[in-house]
Every structure is written in structure tokens, then in C-alpha cells.
Amino acid sequence: MGRGCALLVVAVLCFLSHFEGACGATYVVGDRRGWTFNVANWPDRKIFRAGDVLIFRYNPSFHNVVAVNPADYRSCAAPRASSTLTSGNDRVTLKRGLNSFICTYAGHCQAGMKIQVSAT
Ligand SMILES: [Cu+2]
């Protein structure tokens, strides 16, 4: 099979199954500022797809990343059992639908350290 055909097959697989990692775009949350306060509007006017990867860059001494449901996103709360990302350079693959993340350090989410991304 020729190279062009192989590329087409990959493209079709991506389209059909949102192949994790193989095809998705990668975004650094907050761009140069990284994962920090007032980042909540960073997703505006961007188009995200399931399988795209978000990279959260931050100082792990002061911040973290917790995936939450939409209600907890609005109220800036996270269930105690939530798994918390703490590496300072965390990669998260988006799933279809709403993907919501907050920092659970006191007051940070309320200060806009939260993002909600809708992936198609
Ligand atoms: Cu924080």
C-alpha cells in the first residue's frame, strides 16, 4: 500500500474512532502563561475533539489539576475521592463531551483557575 493510502487509512481511523494519542492535537493550557489564575476563558473560540491532549504546566508546589463533573466545576468543589494530577506537566486526553478541570488549592478555582472544554 502506498504512503498516500496509508495516510488516508490513518485519517479515517482517527475520524471514526478518535484514536487516542495517535491523531489528536495537543494544546498547552493557558499557552505561555500555563495553568494559572484567570485561565477560564482560554478555551474560548477553540475547537476541541475527543483524543486531543491538554498539557497542564504549573508549579506543583502551588497548584494541581483535578477533573470534575460540570456541577462541581460550577461550584469549585471536588469530591474527596477525586484523582489529583500533581506533576506540573500533566497530559490529559479529552473525551467526547464536557471535560472540566479545576485547581483545588484554596481559592484558586474561584480565582479562575478552572477550564471547561467541550470535545466533539
Ligand atoms: Cu492553583
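Before going into details, it helps to say that this report is about the structure given with it.

Each value, and the rule that gives it
Residues numbered from 1 in each chain as written. Predicted model: local features only at pLDDT ≥ 70, side-chain atom pairs only at ≥ 80, totals over all residues. Pairing = 2+ DSSP bridges. Helix = DSSP H or I, 4+ residues; strand = E, 2+ residues; numbered from the N terminus. Axes fitted to C-alpha atoms, helices over the stretch in contact; angles between N-to-C directions. Core = buried A, V, L, I, M, F, W, Y, C linked by C-beta atoms within 7 Å. Buried ≥ 20, exposed ≤ 12 C-beta atoms within 10 Å, placed from the backbone.

## Quick word on the sheet that holds strand β2 (residues 53-57)
Strand order in the open sheet made by the 3 strands is β1-β2-β5, with mixed pairing throughout. Pairing within the sheet leaves two strands with one partner each, and these edge strands are β1 (26-28) and β5 (89-93). For this sheet, the mean angle separating the axes of adjacent strands, direction not counted, is 20°. Note that β1 and β2 share 3 bridges and pair parallel. Paired with Val 28 across the bridge in β2 is Ile 55.

## As for the nonpolar core
Membership of the largest hydrophobic core comes to 19 residues, with the highest contact counts inside it found for Val 29, Trp 35, Phe 56, Val 65, Val 66 and Ile 102. Of all the secondary-structure elements, those providing two or more residues to this core are β2, β3 (65-68) and β6 (97-102). At 3 residues, β3 tops the list of elements feeding residues into this core.

## Some thoughts on the sheet that holds strand β7 (residues 114-119)
Strand pairing in a sheet relies on backbone hydrogen bonds. The paired strands run either parallel or antiparallel. The strand order β4-β3-β6-β7 describes an open sheet built from 4 strands, whose pairing is antiparallel. Looking at which strands have only one partner, the edges of the open sheet turn out to be β4 (84-85) and β7. Bridge count for β6 against β7 is 6 bridges, and the pairing is antiparallel. Its bridge partner being in β7, Ser 100 is matched across the sheet by Gln 116.

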